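# Geometric and topological summary
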Amino acid sequence: MAGTETPASVLSWVFYELARNPDLERAVLAELDTVLDDRPVAFADLPRLPYLDRVVRETLRLHHTGWLVTRRTVTPTRLGPWSIPADTELAYCQHALHRDPALFPDPLTFDPDRWLDDAQADAIVPGAFLPFGAGKHKCIGDRFALTELVTAVATIIRRVRFGLPTRHAVVRPVAQATVRPGKLMMTTHERMAPAGQQ
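Bear in mind that the values here come from a model prediction, so they are computed numbers and not experimental data. (Residues numbered from 1 in each chain as written. Predicted model: local features only at pLDDT ≥ 70, side-chain atom pairs only at ≥ 80, totals over all residues. Heavy atoms only, no water.)

## A closer look at helix H2 (residues 22-36)
Helix length check: H2 (15 residues) gives 20 Å between terminal C-alpha atoms against 21 Å at 1.5 Å per residue, within 8%. Summarising the contacts, the buried residues of H2 are in contact with helix H1 (5-20), helix H3 (50-62), helix H6 (142-156) and strand E5 (160-163). One or two positions beyond H2, positive phi appears at Asp-37, with a value near 55 degrees. (Helix = DSSP H or I, 4+ residues; strand = E, 2+ residues; numbered from the N terminus. Expected span 1.5 Å × (residues − 1). Contact = heavy atoms within 4.5 Å.)

## Description of the side chain of Thr-73
For Thr-73, the position within the fold is in the loop between strand E1 (69-72) and strand E2 (77-79). At 2.7 Å, the side chain of Thr-73 and the backbone oxygen of Pro-85 are in polar contact. Once residues lying within four places of it in the same chain are set aside, the contact partners of Thr-73 are Ile-84, Pro-85, Ala-86, Asp-87, Thr-88 and Leu-90. (Polar contact = N/O pair within 3.5 Å; in protein donor to acceptor, adjacent residues only side chain to side chain.)

## Some words on the environment of Pro-85
The topology assignment puts Pro-85 in the loop between strand E3 (82-84) and strand E4 (89-92). In the structure, Pro-85 is positioned 16 residues away from Val-69 in sequence and 19 Å away in space, judged by C-alpha atoms. Discounting residues that sit within four places of it in the chain, Pro-85 has contacts with Thr-73, Thr-75 and Pro-76.

## Some thoughts on the pattern of salt bridges
Oppositely charged side chains are able to pair whenever their charged atoms sit close together. Tallying each qualifying case throughout the model produces 13 salt bridges. Between Arg-161 and Glu-25 there is a salt bridge whose closest N-O contact spans 3.7 Å. Taken together, the residues Arg-161 in strand E5 and Glu-25 in helix H2 connect sequence positions 136 residues apart. The class for Arg-161 is partly exposed, based on a relative accessible area of 34%. Where Arg-72 meets Glu-89, a salt bridge forms, and the shortest distance between an N and an O atom there is 2.4 Å. Note that Arg-72 is positioned in strand E1 and Glu-89 in strand E4, a separation of 17 residues in sequence. Overall, the relative accessible area of 46% leaves Glu-89 in the partly exposed class. Bridged by salt links that share partners, the residues Glu-25, Arg-161 and Arg-191 form one connected network. (Salt bridge = Lys/Arg side-chain N within 4 Å of Asp/Glu carboxyl O. Buried < 20%, exposed > 50% of the residue type's maximum accessible area, 1.4 Å probe, protein only.)

Structure below.
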């Protein structure tokens, strides 16, 4: 599930957000044209795609695929004003955490620029952004997933333009084993393929 359903869900949300925000889509395409010209994306290109990376990070924040994670205290633990005894099952919701206005200003706005520079990123409270969990339970595939997501978007968005029919412009998340888009209806239009990718 982690290697297939979650990346597919995140990709769906990326294309949804780019379809809703044409200026962001143009910025992604401009970056890809500048960095890649007419060749396919390569692993060495990934650090040279900071805007696309921010789009993926913002998608992971606003449309996180996890909605309920459990942990067990191994020692007595203090959480704010609460004392939690050892061996207590706790649950937290990453989806809600990433949309908390106390942690992320204007949390329901899709804003890749909130990840623009170190000063803004440093303003994010440690532990407030957990797209892959943290500590010893952190997903071991986090780097692979980010590489996969950026590579897939960089490859697909140059070949296909996604649109949202007016009657399907708002998509609601559905929480099952993961949080995924509900009914996501999109149109696709082929772009001109770059010369080196015919």
